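One letter stands for each residue in the lines below.
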Amino acid sequence: MAAVAAIGTLWTSVAMATITQGDFSVFGFFETREAGHWGEGSASRDSTSTTLIHPTPTSTFAIPGKSFGYTGGSFDFNHWDLAEQRNLADVRPDYHMIKNYKMLGRFDTLIIKDADFFAYYRPWYDSVGSIKNIGRAEPNTDATPYSMNHSSNNGLTGVPSLQNSYFKNDLREWYAQLNFTDNLSARIGKQQVIWSEADALSGTEVTNPVNATWHGVYGAEAAEDVRTNLRMIKLNYILPDFLKTANNEVEAFIIPGDYEASTLTSGLLTQADPRNPYVVPATFDGACTTCNATTAPFASAFPVNINQEGQIINASEIPNWDAKGMIFIPIGPVVKGKASGQFYDFYSKDLSRTPSNSLENSEFGARYSSLLPIGNGLQASFIYLYEFRSALTKTCYACTGAVTGLPGAFAIAPGTFLAPGTFLNRPRRGVPVGGTVEAVSTTDYRRNHFIGLTGTYYDKDLTDIVYRYDILYQPKIGVAVPAFVNPNEEQWTEFTRWIIAGDRPTYIPWISKQHTFITAQFTETWYPDRPTDAVPQITTSGKVRELSSLAFINFTNWLMNGQLTAGNLLLWDIDDNVGELATTNVYRYSRNVLFGVNAQWFIGRSGRYTDPYLLSRQQRFNELEFTFTYEI
């Protein structure tokens, strides 16, 4: 799932004007965006309230009620929701500070022949959180209204503040480009490393984690705007031609302690706040499949699918979660075929800390590139990375009740503890809450090896196509497994990704006087030693397919004498029979003013648990977006 967000590379980007004064230049734009989601739906049934029973004069148990269900989907055009009202700036200053070994035209640098300093500043504010004080959250999920500066954690998910979610003061990129000779150079600062030749689901684009927290996994963003830039030192050395090869180059970098990777995935930072319009629609089958008690009288599975009113909600995916969600344990008598019991607050805690930003946790990478004497010339890049980009989260089997810090806590399952009489939230009248259940886990953070091969080949004789390929081998990636496979219920396994793509300009006279640029790509993901019944760590539901196929085709046209740039995309998950239709359009109204319209429509089968790219779960997040851009 991680690299799906890289599909943003296909979106039409905005050209930027430049202001130059001597050795200093600045370019960028100001932009406003408004977007709505269709297909979010409405209630599909009436709610029923919680029923109390009293088997004895001193005991009270509850039969959970049911909250309303959900309609909606790809073809529900009657229900719309405001998703974005973002105002942003994009400012990129560049200063040519050293020329011909002279800094500022006065001071000798001796070893630095030429140097530039570059920065990329991108602040933005989205008013959606101010307009809608619980965002997109459903009314049956006990959503906490946004606070300007206060963040909290009420149990299942974090509750970030308005400041954290809708304001961004982001100096995304800053570095010095130092050229020592014509062959040797260095780049020092916060930057991106882009070595892959693939567009979407790139295997070898591992270093800069994709940040999908503010415009979703499939948002209409340029790839450079969703990558998380990292502080690093990068060296380039151009080698001479030899053995009939050309364009030989060696690159290497070190990230001296700047941990930014996500916890479980290979490099995707997602939004887990159900109030946020771009919450990731990952499936969880009730959210806590590890909470399967084995100690009587608690011997049952209990998903976190009860709201504070004691009603069962649809908690099959993160957008429907209740951040104050409770569990129901049927410890009471059965009444007319219905189980009775008590409710318990739920809290999930990980005992591990993410790696510290220290030199001992540095990450490394290297690439060797060459134009090989094969056919018209095969460009190839051999890549090795050693980075924190996958972790393994495990239930804490060795933990005792003392680890919770809650009085009277005792184990009801490995790593799962019940604390009677301790409450995370004040119990509501008529809802018997017995205490808190806490699930405790640990995470194995480690630097993993990544081995890649990527490149291009231009077949000018037969097809006039530029072919691109991208291959990744990752010896260790974490998956969840049943206890009979591994007692820890988590396991490392191998991961590979194979990509072949092609680009071809094609003249279609009835569309445009200019060529249509066609891009097609096929991606095969293969787990060579997939464990039996493995499921993704991030969802703990569905399954990990041994082979998974994804394909897309994209058409880019320049219309109206080049003033309108239009891109149209079809993305399809072949195994799950789901996909996306997307269009991006930018019209240059004048020298400085541009208008844009973007749309994403998710189609195919819905509600799939085996969908690794979440396309079937995106069907309540179809988006129509309008943009207005003023270039400086």
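Residues numbered from 1 in each chain as written. Predicted model: local features only at pLDDT ≥ 70, side-chain atom pairs only at ≥ 80, totals over all residues. Heavy atoms only, no water.

1. Details of the packing of aromatic side chains
Part 1 of the argument: Summed over all chains, the structure comprises 17 aromatic pairs.
Part 2 of the argument: Look at W124 and W214: their rings are 5.8 Å apart centre to centre, the planes differ by 35°, and that puts the pair in the tilted class. Taken as a pair, W124 in strand β10 (residues 124-126) and W214 in the loop between β16 (210-211) and α3 (223-226) lie far apart in primary sequence, 90 residues in all.
Part 3 of the argument: Its relative accessible area of 7% is what places W124 among the buried residues.
Part 4 of the argument: Where Y589 meets F595, the ring centres are 5.8 Å apart and the plane angle is 75°; that geometry is what we call edge-to-face.
Part 5 of the argument: Of the aromatic side chains, those joined through ring pairs into one cluster are W38, F75, F77, W80 and W601.
Part 6 of the argument: The ring of Y120 carries R92 above its face, with NZ or CZ at 3.9 Å from the centroid. (Phe/Tyr/Trp six-rings, centres within 6.5 Å; stacked < 30°, edge-to-face > 60°. Helix = DSSP H or I, 4+ residues; strand = E, 2+ residues; numbered from the N terminus. Buried < 20%, exposed > 50% of the residue type's maximum accessible area, 1.4 Å probe, protein only. Lys NZ or Arg CZ within 6 Å of the ring centre and 35° of its normal.)

2. Focus: the pattern of salt bridges
Part 1 of the argument: Across all of its chains, the model carries 30 salt bridges by this definition.
Part 2 of the argument: When the shortest N-O distance is used, the salt bridge between R122 and D225 registers 3.6 Å. Of this pair, R122 sits in the loop between β9 (114-121) and β10 while D225 sits in helix α3, and the two are 103 residues apart along the sequence.
Part 3 of the argument: A cluster of three or more residues bridged by salt bridges with shared partners is formed by E31, R33, R122, E221 and D225. (Salt bridge = Lys/Arg side-chain N within 4 Å of Asp/Glu carboxyl O.)

3. Section: a nonpolar patch on the surface
Part 1 of the argument: A cluster of nonpolar residues, F24, Y95, M103, L104, F107, F117, Y121, L171 and W174, forms a patch on the protein surface that exposes about 790 Å² of accessible area.
Part 2 of the argument: Only β9 and β14 (171-179) provide two or more residues apiece to the nonpolar patch.
Part 3 of the argument: Here Y121 shows up in strand β9. (Patch = residues over 30% accessible without salt bridge, like charges linked within 9 Å, V, L, I, M, F, W, Y side chains within 5 Å. Areas by Shrake-Rupley, 256 points an atom, 1.4 Å probe, with all protein chains shown as cover.)

4. A short note on the confidence of the model for the chain
Part 1 of the argument: Per-residue pLDDT for the chain has a mean of 88; in total, 92% of the residues score no lower than 70.
Part 2 of the argument: The low-confidence segment residues 286-300, where pLDDT is below 50, has 45 contacts with residues more than four positions distant or belonging to other chains. (pLDDT = per-residue confidence, 0-100. Contact = heavy atoms within 4.5 Å.)

5. Overview of a positive patch on the surface
Part 1 of the argument: A contiguous patch of positive charge, built from R45, K66, K336 and K338, is present on the exposed surface.
Part 2 of the argument: For K66, the position within the fold is in strand β5 (residues 65-66). (Lys, Arg positive; Asp, Glu negative; His and termini not counted. Charge placed at Lys NZ, Arg CZ, Asp CG, Glu CD.)

6. Topic: the state of the cysteines
Part 1 of the argument: The final tally for this structure, using the stated rule, is one disulfide.
Part 2 of the argument: A sulfur-sulfur separation of 1.9 Å characterises the disulfide bridge that pairs C396 with C399. Looking down the S-S bond of the C396 and C399 bridge, the torsion is 70°, so its handedness is right-handed. Grouping residues by exposure puts C396 and C399 together as buried. (Disulfide = S-S within 2.5 Å.)

7. Regarding the side chain of T422
Part 1 of the argument: Its location among the elements puts T422 in the loop between β28 (416-420) and β29 (433-459).
Part 2 of the argument: Excluding residues that lie within four positions of it along the chain, T422 makes contacts with L406, P407, G435 and T436.

8. What to know about the environment of G375
Part 1 of the argument: Relative to the assigned elements, G375 resides in the loop between β25 (363-372) and β26 (378-395).
Part 2 of the argument: Classification of G375 as exposed rests on a relative accessible area of 69%.
Part 3 of the argument: As for G375 and T565, which are separated by 190 residues in sequence, their C-alpha atoms are 34 Å apart.

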